[in-house]
Amino acid sequence: MDRQVIELLRTKDEEGIRLLQKQYANLLYYIVYPILQSKEETEECLSDIYFLVWDRFEQFDEGRGNLLPWLTAIARNTALNRLRKKTVEVRELQPDDGS
């Protein structure tokens with residue numbers, strides 16, 4: 001099925017994203033949820049991941065590896081970036097204790 005997903009995504013066929021979601025949604029959730037620890041944040045992150053895959057698929061190089069490691073790296077990095085951003089936002093909202 002990866003071959004079909006890859007070919008569809010290369011041609012920007014939306015069916016490729018649907019198949020990717022069908023095949024990998026549970027795995028991506030399993031990667032992202034422990035990082036974000038929030039169902040809502042995880043769902044938003046998954047949407048970001050699918051958008052990034054769609055938008056940057058031309059960067060995928062089969063010569064460097066399979067689809068799954070590329071996809072899991074995007075998922076992990078997207079979740080970590082979201083967590084970092086949220087941490088910075090929380091710090092900015094905390095009152096300065098004057099020290």
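Please refer to the structure higher up on the page.
This structure is a prediction, so every number in the text was calculated from the model and none was measured.

1. Observations regarding the packing of aromatic side chains
And then number 1: Enumeration over the complete set of coordinates arrives at four aromatic pairs.
And then number 2: Between the aromatic rings of Phe57 and Trp70, the centroid separation amounts to 5.6 Å while the plane-to-plane angle is 90°, which identifies the pairing as edge-to-face. Linking Phe57 in the loop between helix H3 (39–56) and helix H4 (67–93) with Trp70 in helix H4, this pair joins segments that are 13 residues apart in sequence. Taken as a pair, Phe57 and Trp70 share a single burial class, namely buried.
And then number 3: In this structure an aromatic cluster arises from ring pairing among Phe57, Phe60 and Trp70.
And then number 4: Taking the ring centre of Trp54 as reference, the NZ or CZ of Lys12 above it sits at 4.9 Å.

2. Observations regarding the side chain of Thr42
And then number 1: Here Thr42 shows up in helix H3.
And then number 2: Using a relative accessible area of 0% as the deciding quantity, one classes Thr42 as buried.
And then number 3: Once you skip the residues sitting within four places of it in the chain, Thr42 turns out to touch Tyr29, Val32, Tyr33 and Leu36.

3. Regarding the nonpolar core
And then number 1: Counting residues in hydrophobic clusters, the biggest one holds 26 residues, and the most contacted among them are Leu20, Leu28, Val32, Ile49, Val53, Phe57 and Leu67.
And then number 2: With eight residues, helix H2 (residues 14–36) is the largest single contributor of residues to this core.
And then number 3: With near-sequence residues (within four places) excluded, Leu28 lies in contact with Leu46, Ile49, Tyr50, Leu71 and Ala75.

4. Some details on the packing of helix H1 (residues 2–10) against H2
And then number 1: At a closest axis distance of 8 Å, the pairing of H1 and H2 adopts a crossing angle of 145°. In this structure, the crossing between H1 and H2 has a hand that is left-handed. Taken together, the residues of H2 that come into contact with H1 (itself represented by Asp2, Gln4, Val5, Leu8 and Leu9) are Glu15, Gly16, Ile17, Leu19, Leu20, Gln23 and Tyr24.
And then number 2: Counted by class, the contact of H1 with H2 contains seven nonpolar, three polar and two charged residues.

5. What to know about H2
Helical geometry note: an α-helix holds 3.6 residues per turn, so side chains three or four residues apart project in the same direction.
And then number 1: Helix length check: H2 (23 residues) gives 27 Å between terminal C-alpha atoms against 33 Å at 1.5 Å per residue, more than 12% under.
And then number 2: Where H2 is concerned, the buried positions are Gly16, Ile17, Leu19, Leu20, Tyr24, Leu28, Ile31, Val32 and Leu36.
And then number 3: By the N-cap criterion, in which a side-chain oxygen at the helix start approaches the backbone nitrogen of a residue two or three places on, H2 is capped by Asp13, the distance to Glu15 being 2.9 Å.
And then number 4: One or two residues past the end of H2 sits Gln37, with phi positive at roughly 55°.

6. Observations concerning the pattern of salt bridges
And then number 1: For the coordinates displayed, the defined rule picks out nine salt bridges.
And then number 2: Linking Arg3 and Glu62 is a salt bridge whose minimum nitrogen-to-oxygen distance equals 2.2 Å. One end of the pair, Arg3, is in helix H1; the other, Glu62, is in the loop between H3 and H4, with 59 residues separating them in the sequence.
And then number 3: Judged by its relative accessible area of 44%, Arg3 is partly exposed.
And then number 4: Note on Glu62: relative accessible area 31%, which makes it partly exposed.
And then number 5: Taking the shortest distance from any N to any O, the salt bridge between Arg10 and Glu62 comes out at 3.1 Å. Separated by 52 residues along the polypeptide, Arg10 in helix H1 and Glu62 in the loop between H3 and H4 bring together distant segments of the chain.
And then number 6: Accessibility expressed as a relative area gives 40% for Arg10, which makes it partly exposed.
And then number 7: Because the salt bridges share partners, they merge into one network encompassing Glu41, Glu44, Asp48, Arg82 and Lys86.

Reading guide: rules and limits
Residues numbered from 1 in each chain as written. Predicted model: local features only at pLDDT ≥ 70, side-chain atom pairs only at ≥ 80, totals over all residues. Heavy atoms only, no water. Phe/Tyr/Trp six-rings, centres within 6.5 Å; stacked < 30°, edge-to-face > 60°. Helix = DSSP H or I, 4+ residues; strand = E, 2+ residues; numbered from the N terminus. Buried < 20%, exposed > 50% of the residue type's maximum accessible area, 1.4 Å probe, protein only. Lys NZ or Arg CZ within 6 Å of the ring centre and 35° of its normal. Contact = heavy atoms within 4.5 Å. Core = buried A, V, L, I, M, F, W, Y, C linked by side-chain atoms within 4.5 Å. Axes fitted to C-alpha atoms, helices over the stretch in contact; angles between N-to-C directions. Left-handed = near helix turned anticlockwise from the far one by under 90°. Nonpolar A, V, L, I, M, F, W, Y, C, P; charged D, E, K, R; others polar. Expected span 1.5 Å × (residues − 1). Polar contact = N/O pair within 3.5 Å; in protein donor to acceptor, adjacent residues only side chain to side chain. Salt bridge = Lys/Arg side-chain N within 4 Å of Asp/Glu carboxyl O.

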